[in-house]
Amino acid sequence: MSTLTESPKKAKKQTRHESRIGMFFVNSWLIFFAAVSVIPMIWLLLASSKTDPELSTRNPLAFGSFKGYINAWNNLTFFDNGVIGRWVINSILYNAAIVVFATITASLAGFVISASRIRFKKTFLISTLIMMLIPPVALVIPLFVLMDKVSLIDNPLSVILISSLYPFGAFLSYIYYSTTIPPELYESARLDGCSDWQLYTRIAFPLSGALLGLLAFFAFIGNWANYFMPYVMLYSGENYTLPLGLGFLFSSTPAINPGVGATSVPIYKPEIALAGALIAFPIMVMFLISQKRLIRGMLAGSIKE
Amino acid sequence: MAKSRGYKQRNLLMMAMLAPYLFLLLAFGILPLIMAFFEVPGESLANPDGGWDAFRIVLQDFRFPAALKNVAGFMAYFVPMMIIVVIGMALMLDVKTNKWSKYLRMAYIVPASISGAVAVLVWWAIFEPTISPIRSILNFFGIDSARQIWQTENLVYLIAIMTFFSLAGNWILIQYGSLQSISTEIIEAARVDGCSAFQLAVRIKLPLIRKYVIYMAVLVFAGGLQIFVEPQLLNTGVYTGIAASWSFDQLSYELAFKSGDFGGASALSIILLIPSLIGALVVIFKTDMFDDKTIRTKKDSDKVEL
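Residues numbered from 1 in each chain as written. Chains lettered and ligands numbered in written order. Predicted model: local features only at pLDDT ≥ 70, side-chain atom pairs only at ≥ 80, totals over all residues. Heavy atoms only, no water.

**Description of the overall build of chain A**
- Helix and strand counts for chain A come out as 16 helices and zero strands.
- For chain A, the proportion of contacts with a sequence separation of at least 24, taken over those separated by at least 6, is 70%.
- Total accessible area on chain A stands at roughly 13600 Å², and carbon and sulfur atoms take up 66% of it. (Helix = DSSP H or I, 4+ residues; strand = E, 2+ residues; numbered from the N terminus. Contact = heavy atoms within 4.5 Å. Areas by Shrake-Rupley, 256 points an atom, 1.4 Å probe, with all protein chains shown as cover.)

Encoded structure:
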């Protein structure tokens, strides 16, 4: 019966308190999920620091020694005359090219669609959106046929060109430019005698820093671990990227499948784990330092933070 | 007006800036789609006379029903699991934001870097009792050999877990982000009215992020249909034969590269594209996520602050 006579100060605190038990469950679940998320990665990153027998005898999450990584790398280089080095270089080079081409073409496209008076904008936007929502994997077989017709099979250029198509990036870029630069600004600049080129260099480009970072981020994480399309396009070991190489190691070394592969090659679990870590680690680092980019990008700039 | 000639010239530069992207879009997006159609009626062993029978023939391929059963089973676990767990986690994260939330979110995003070949490696290790970080749990369930787990009939669950693991974290963060776009006034008002956290989440927040949930559901569904890498690598590198032509894309791959039947492979690719296209059209035209006016008429406070 004290509610009627409670002071205004107390009346503010009518909001319900969370049930302690409810919060306990929520928090426990959140923490459990975090542990489950992180443990496999810890295993992967630490596996190469141990020797093959140690992987079974010691705690799976224990750290071995730094020498373990060096040994694992050296063993990897025994495979096919050090082709692993080639795979690392290929991964870096192809992805650098893809990130550059994809980011530039997509950002320019987004700018043009938001700033120009070209016709067919709507068609363009819709086809870009559809391409965004179709899983890239769906087009792999037809793309193979296409690349075959232009004799680009087993040529890294096939992978680079295909991966440079970046509809998501073009869309993101369109949203970005549309929301940061009001059309009136272009109009008044045009009235002042600005050419289209100047519209880009003087207005749009100086404001593009965040967008370009975002585009490069997504282009990198989307392509670094790509498997299916490069798998279909490339067949020479020297042209493989790290993910393809890892898959190849599965089937040609005894690490995972003891019945397979030449037994003279010292590639066992720590070595394979190192190859896997080389693929996963850069992506993880990118994710951890760019969390916000992920959210903003996927929601196409429709949130504020 | 003297504008007309300048107008054409002006558009020339804009076209030039658009051209590289347009080239890529036409050459590697639209063209393959069209080519896939024309590849279908080609002659092959399965389709000796060629023609549009290729669709019927691929649907009657002896491997098709199995692939259908596998993918349907996989999707039945994978899609609901994704939607329920992801949205649930995002809502739970949003109950109370404190300094730990940031670390939790960082933890959730870690598995996203483990995909494809690396995911096969990691999951092989997790289910290998001799080296697994969860060996005590495995032993508790009486599993002392990995072979007990890696059986063809278990693949629908295993692939669902593997794919969920890679994709959930990403989406949790994205949906958490979408929850941040809900105006605080609404939340405050609800709290003052005595809403519990649960009611707040289910009655208020959830309906407000409806379009993002649909967006996610469509992408997850379309992506799930195309599952390829994990079963393929399991089949070729880990346990040969465990997953031969297990998924549609694997069947398509086999038709193209083992049987040389590009017509059949293309027919199958087109069949698979249809749900994705429908999903795409639903998101574009039935939600306002990509509406021009939604984008253009944003309030100042909604402006992108990258």
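**Structural notes on helix α11 (residues 196-204) of chain A**
- Listed in full, the buried residues belonging to α11(A) are A:D196, A:L199, A:Y200, A:I203 and A:A204. Looking straight down α11(A), one finds that the buried residues subtend no more than 110° of arc, so they occupy a single side. (Buried < 20%, exposed > 50% of the residue type's maximum accessible area, 1.4 Å probe, protein only. Arc of directions from axis to C-beta.)

**Comments concerning the packing of aromatic side chains**
- Within this structure, the stated rule accounts for 43 aromatic pairs over all chains.
- Consider the rings of B:F23 and B:F28, whose centres lie 6.2 Å apart with planes at 80°: the pair is edge-to-face.
- When the centroid spacing of 5.0 Å and the interplanar angle of 10° are considered together, the rings of B:F74 and B:F78 count as stacked. Here the residue B:F74 and the residue B:F78 both occupy positions in helix α3 (residues 64-93), the gap between them amounting to four residues, near one helical turn.
- Under the relative-accessibility criterion, B:F78 is labelled buried at 1%.
- An aromatic cluster is defined as three or more aromatic residues linked by ring pairs; in this entry it consists of A:F144, A:Y227, A:F228, A:Y231, B:F228, B:Y253, B:F257 and B:F262. (Phe/Tyr/Trp six-rings, centres within 6.5 Å; stacked < 30°, edge-to-face > 60°.)

**Concerning the packing of helix α4 (residues 66-77) of chain A against helix α15 (residues 269-289) of chain A**
All names here are of chain A.
- Direction vectors running N to C along α4 and α15 enclose 95°, while the axes themselves pass 8 Å from each other. The angle between α4 and α15 falls in the class roughly perpendicular. The residues of α15 that touch α4, namely those facing Y69, N71, A72, W73, N75 and L76, are P270, E271, L274, A275 and L278.
- Tallied by class, residues from the contact of α4 with α15 come to eight nonpolar, two polar and one charged. (Axes fitted to C-alpha atoms, helices over the stretch in contact; angles between N-to-C directions. Parallel < 35°, antiparallel > 145°, perpendicular 65-115°, else oblique. Nonpolar A, V, L, I, M, F, W, Y, C, P; charged D, E, K, R; others polar.)

**What to know about unusual backbone geometry**
- Here the phi dihedral of A:D154 falls at roughly 65°; this positive angle occurs in a residue that is not glycine.
- Looking at the secondary structure, you find A:D154 in the loop between α7 (140-149) and α8 (156-164).
- In the Ramachandran plot, B:S245 falls in the positive-phi region, its phi being about 50° despite a non-glycine side chain.
- By secondary structure assignment, the location of B:S245 is in the loop between α11 (229-238) and α12 (248-257).

**Side note on the nonpolar core**
- Formed by 209 residues in total, the largest nonpolar core has its most connected members in A:L44, A:F111, A:M233, B:Y108 and B:W150.
- The dominant element in this core, judged by the number of residues it contributes, is helix α7 (residues 155-179) of chain B, at 15 residues.
- Those residues in contact with A:L44, other than ones at most four positions away along the chain, are A:A273, A:G276, A:A277, A:A280, B:V118, B:L121 and B:V122. (Core = buried A, V, L, I, M, F, W, Y, C linked by side-chain atoms within 4.5 Å.)

**Let's talk about a nonpolar patch on the surface**
Residue and element names in this part refer to chain B.
- On the surface, L31, I34, F37, F38 and W52 cluster together into a nonpolar patch covering about 550 Å² of accessible area.
- Along the chain, the position of W52 falls in the loop between α1 (3-39) and α2 (53-59).
- Overall, W52 belongs to the partly exposed group, its relative accessible area being 49%. (Patch = residues over 30% accessible without salt bridge, like charges linked within 9 Å, V, L, I, M, F, W, Y side chains within 5 Å. Salt bridge = Lys/Arg side-chain N within 4 Å of Asp/Glu carboxyl O.)

**Notes on the interface of chain B and chain A**
- Across the contact, 112 residues belong to chain B and 113 residues belong to chain A.
- Each partner contributes to the roughly 10300 Å² buried at the junction of chain B and chain A, and carbon and sulfur atoms together form 77% of this total.
- Summed over the shared surface of chain B and chain A, the number is zero salt bridges.
- One can count four residue pairs in polar contact (both at pLDDT 80 or more) joining chain B with chain A.
- Sort the elements by how many residues they give to the side of chain B that touches chain A and α1(B) lands first, with 22 residues.
- A class-by-class count of the residues in the side of chain B that touches chain A yields 75 nonpolar, 23 polar and 14 charged. (Buried area = accessible area lost by both parts, 1.4 Å probe. Polar contact = N/O pair within 3.5 Å; in protein donor to acceptor, adjacent residues only side chain to side chain.)

**Quick notes on the confidence of the model for chain A**
All names here are of chain A.
- In this model, chain A carries an average pLDDT of 85, and 90% of its residues clear a pLDDT of 70 or more.
- Confidence, read as mean pLDDT per element, is least for helix α1 (residues 8-11) in chain A (46) and greatest for α8 (95).
- This stretch, residues 6-14, has a pLDDT under 50; its non-local contacts, to residues over four places away or in other chains, come to one contact. (pLDDT = per-residue confidence, 0-100.)

**A look at the side chain of B:D61**
All names here are of chain B.
- Of note, D61 is situated in the loop between α2 and α3.
- Given the relative accessible area of 13%, D61 is considered buried.
- At 2.8 Å, the side chain of D61 forms a polar contact with the backbone nitrogen of R63.

**What to know about the side chain of A:S164**
- Turning to its location among the elements, A:S164 is positioned in helix α8.
- Those residues within four positions of A:S164 in sequence are excluded, and the remaining contacts are A:I98, A:F101, A:A102, A:T105 and B:L24.

**Comments concerning the environment of B:D288**
Residue and element names in this part refer to chain B.
- Secondary-structure assignment places D288 in the loop between α13 (262-286) and α14 (292-296).
- With relative accessibility at 33%, the residue D288 sits in the partly exposed group.
- Along the chain, D288 and K211 lie 77 residues apart, while their C-alpha atoms are 7.6 Å from each other.

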